[in-house]
Structure formats: C-alpha cells, structure tokens
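# Summary of the model geometry
The lines below spell out each chain.
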Amino acid sequence: MAETEQPLTNAEINERIGKAFITIDKIYNLHAPADETVEVWMCKHCNVQWPCETEQLILDGLGLTSVSEPSE
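Values in this document were obtained by computation on a predicted structure and should not be read as measured data.

Our focus in this paragraph is the environment of D35. Structurally, D35 is set in the loop between α1 (10-30) and α2 (53-61). Given a relative accessible area of 33%, D35 falls into the partly exposed group. Only 2.5 Å separates the side chain of D35 from the side chain of T37, close enough to count as a polar contact.

So this is what it looks like as structure tokens:
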C-alpha cells in the first residue's frame, strides 16, 4: 500500500454488509432442495442429498445448525 487507507464510512460499511447478505441469499437459494415434497431432498444445483456441502457451510456459519461449530 502506497497510501494509508481511510476508514470506511457508515454508509460504505452498510453497503458492504448489504451486498454480503444479497450474495449469501443467492447462494443459499441456488443450493436449496429441488423438490421439498419428496422424502429425501436433493440439492437443485449439486444434485446430491441436501444439505450439500455449500448449504451446510452456510447453515453452520450462520449458526442455524447444531451439528457442527462454524469454522473461523
């Protein structure tokens, strides 16, 4: 870095947080169950049993499961 970085404004921080949530939501919806009416759910993107690895990372990272601790 040639120059010292300026601290982010609250507006910039909120914009980044908003973009992060939008991105997580898009990934979450991409890796959703293909058909929730069947007994065994399949990820509509990965075509493996749901939750797929991506979905599990999201759920664990958001603290929405009790199966494993989120990695740091």
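Along the chain, I27 falls in helix α1. Relative accessible area serves as the criterion here: at 34%, I27 is assigned to the partly exposed category. Non-local contacts of I27, meaning those with residues more than four positions away in its chain, are made with T54 and I58.

Definitions and limits used
- Residues numbered from 1 in each chain as written.
- Predicted model: local features only at pLDDT ≥ 70, side-chain atom pairs only at ≥ 80, totals over all residues.
- Heavy atoms only, no water.
- Helix = DSSP H or I, 4+ residues; strand = E, 2+ residues; numbered from the N terminus.
- Buried < 20%, exposed > 50% of the residue type's maximum accessible area, 1.4 Å probe, protein only.
- Polar contact = N/O pair within 3.5 Å; in protein donor to acceptor, adjacent residues only side chain to side chain.
- Contact = heavy atoms within 4.5 Å.

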